Amino acid sequence: MWQQVCSAMAANRVLPMVVVAVMVAATSHGGAVEFAYNGFGGAGLSLDGTATVTPAGLLQLTNDTNMSKGHAFHPDPVKFHRAPAGTAGAAAAAVSSFSTTFVFAIVSEFLDLSTSGFAFLVAPTTDLSTAMPQQYLGMFNGTDNGDARNHVFAVELDTVRNPEFADINNNHVGVDVNSLNSTAAAPAGYFDDDDDGDGTFRNLSLISRDPMQVWLDYDAATAEVTVAMAPARRPRPRRPLISTKINLSMVITDTAYVGFSSASSIVLVKHYVLGWSFALDGAAPALDYDKLPKLPRIGPKPRSKALTIALPIATTVSVLAAVGVACLVLRRRLRYAELREDWEVEFGPHRFAYKDLYDATGGFRDKRLLGAGGFGRVYRGVLPASGTEVAVKKVSHESRQGMKEFVAEVASIGRLRHRNLVPLLGYCRREGELLLVYDYMPNGSLDKHLHCHGGDDKPVLDWAQRLHIIRGVAAGLLYMHEEWEKVVIHRDIKASNVLIDGEMNGRLGDFGLARLYDHGTDPQTTHVVGTMGYLAPELVRSGKATTLSDVFAFGAFLLEVACGRRPIEEEEEHDAAAVGVGDRFVLVDWVLGHWRKGSITGAVDTRLGLEYDATEADLVLRLGLACLHPSPAARPTMRQVTQYLDGSAPLPELPATYLTLDTLAGMEGHHSLFDSWFVWRPTSTAATSVATMSGIALSGGR
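Every chain is numbered on its own, with residues counted from 1 as its sequence reads. Local features in this predicted model are restricted to residues whose pLDDT is 70 or higher, and side-chain atom pairs enter the listing and the counts only when it is 80 or higher, whereas totals over whole chains, interfaces and linings include all residues. Values shown for side chains rest on all heavy atoms present in the structure; no hydrogens or waters enter the calculation.

## Quick look at helix 8 (residues 547-563)
Every α-helix carries 3.6 residues per turn, so stepping three or four residues along brings you back to the same face. When the terminal C-alpha atoms of helix 8 are compared, their 24 Å separation across 17 residues agrees well with the 24 Å that a helix rising 1.5 Å per residue should span. Buried means the residue's accessible area, taken with a 1.4 Å probe over protein chains only, is under 20% of the maximum for its type, while exposed means over 50%, and partly exposed covers the values in between. What counts as a helix is a DSSP run of H or I of at least four residues, what counts as a strand is a run of E of at least two, and both are numbered from the N terminus. A large share of helix 8 lies buried, amounting to 15 of its 17 residues. Residues adjacent in sequence count toward polar contacts only when both atoms are side-chain atoms; beyond that, a polar contact is any pair of N or O atoms within 3.5 Å, and within protein one must be able to donate a hydrogen and the other to accept it. Residue threonine 546 occupies the N-cap position of helix 8, its side-chain oxygen lying 3.3 Å from the main-chain nitrogen of leucine 548. Positioned one or two residues after helix 8, glycine 564 has a phi angle of 70 degrees, which is positive. How far a helix is expected to stretch is found by multiplying one less than its residue total by 1.5 Å.

## Quick word on the UniProt feature "binding site: ATP" (unreviewed entry) in the protein
UniProt positions are given in the numbering used here, feature names are shortened, and annotations may be inferred rather than shown by experiment. What UniProt calls "binding site: ATP" (unreviewed entry) maps, in this numbering, to Lys394. Assignment of secondary structure puts lysine 394 in strand 23 (residues 389-396).

## Examining the pairing of strand 23
Counted residue by residue, strand 23 has six buried out of eight residues, so it is predominantly covered. Note on pairing: two strands pair once DSSP finds at least 2 bridges between them. Sheet topology places strand 22 (residues 376-382) next to strand 23; seven bridges connect them, and they run antiparallel. Among the inter-strand pairings, glycine 376 is bridged to a residue of strand 23, identified as valine 395. Alignment of strand 23 against strand 25 (residues 433-439), held across seven bridges, turns out to be antiparallel.

## Overview of the pattern of salt bridges
Whenever a carboxyl oxygen of Asp or Glu lies within 4 Å of a side-chain nitrogen of Lys or Arg, that contact is scored as a salt bridge. Applying the stated criterion across every chain, the model contains 21 salt bridges. One salt bridge in this structure joins aspartate 366 and arginine 377, with 3.8 Å as the shortest N-O distance. Residue aspartate 366 is located in the loop between helix 3 (354-360) and strand 21 (369-373), and its partner arginine 377 is located in strand 22; the two are separated by 11 residues in the primary sequence. Here arginine 507 and aspartate 501 are joined by a salt bridge, their closest N and O atoms 3.3 Å apart. Taken as a pair, arginine 507 and aspartate 501 share a single burial class, namely buried.

Okay, structure coming up:
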């Protein structure tokens, strides 16, 4: 509730306030010694001047009337004096201990100006008609201020510094006896018990328009007056704001009235009391904050001279701010600018907003970089709307030629769904840049597990994990070739394009090179795209990719996973056991040599030692050689490959006359088909794909 109260007053400033307890000797009959008002609806207070109770239950002491005053008293007088036990006579009577607390707020016409304030008081009478407004707070006038016959005790919360009363500043609390010249005073504030218990002093602005609570106590035994205050709803501070010795026995009369006094001046101010309690010989009852009335909303202020002066300044500031905002908006638009064409509307669901990808990757910071290769750099990101982890590949493109066909391909491939394929979620286009969005795979690419270098060292994959990954990639490739609605040729199957998910499943990714064509039709690829060592001989000769050229690349992949070596390596120090051309190691010829010697499992990754299934290793290596047959017609289909791997069909024996095409020798004659030549060097950190931009074809490992 107080949050609503505070928000209602957030645009305003609280006016000055004075809490005054006026005690006057009286002979009225004894009245109530304890009461509590959680709002003043039906309280029956004795009111005069501008004081009134609003329909919401607020006690409003002043209104918008200049030079006015208002008073509000508890209707019954209170008997303050009690004769000590064993004594008789009025001379022996002493004032009783008492306690009071209340919540107040002051609302001024302006944010930094206020009238003098208001007061809580105890007086011998409710008739204060001779008192003056302004600095006299509706309690005294110019002639009786300081007169001991007033019998008035007061605690003021003042927001105007009056030199005639020796005020310490324009935001203070003062204890007064028969005069507005305070006996004790302190700046408004409180000692914070929550600040590590050291009681740091916190200033409070009495004109902050926020509700505050005041506690006033008099201890008759020690003749000590204590005053404390704090923001509403905070507990009473342990350390009081003011503590002073004053014997009130000669100040307060036998019976007196308790209440509030307030006055205004030329600044229009409203003084509100939200709740109030009082008690003799005990602590004042606690107020129920949830039952206190709400402060009213502050309406529009009349136009003032100060506003007339400030308006041109505010207008200038507003214009400058508008220009600044416009610059920020323009900068933001340039930062998040995208390239869109009318034909892209039909592919809308597969397109991401660049801003989402920018935010997801932290502005494509280097610390989010997963890898770089071929035509793109890959960044890790988290989509802000869904919290999905993604990998975003940025690809440079300088022309729009073929872009429509590529976007159509992205939209189509985006519908591929298989547990062993990395989902291509969509794309985004900017001037000179294309972004592809994939599911994020937490364990990175397979080649980082097979070929460890420097700080990228990972635990060696055991044989069971390798075979599981091989079977998974085979299942994904079979889905692409035969089980989806269209035939999808990957064209760049290799270890760096196989990603490992959180459960160590192999997923075939990077469809930047894939092309689609309907079942039964011939592919129309005219340029070679792929990676040396994985390229089928017929692909080098004709430039046409087929499902069987994918099978050839899968055969190279099988040998790479089983042997832990790349299809082609450059031996810096020639290994006599290596088979190749010059100083280049050719994996397929090396495995074939082991097969001819009858020891094909001798090609298994030496890091495995003897921790592998020899029968399974024999199957994988012989299947790899079968897939790498130079003649496409002699290679198995991916359906046959999966049957061989799961044991549902026996793998035919390789013919004794099996020969391999010397990869390097066979390709050197077709060097003109490539834009670059790749040979793995042990010091390299990533394989480079051999590729050209044929229409929309893209290449590159993660």
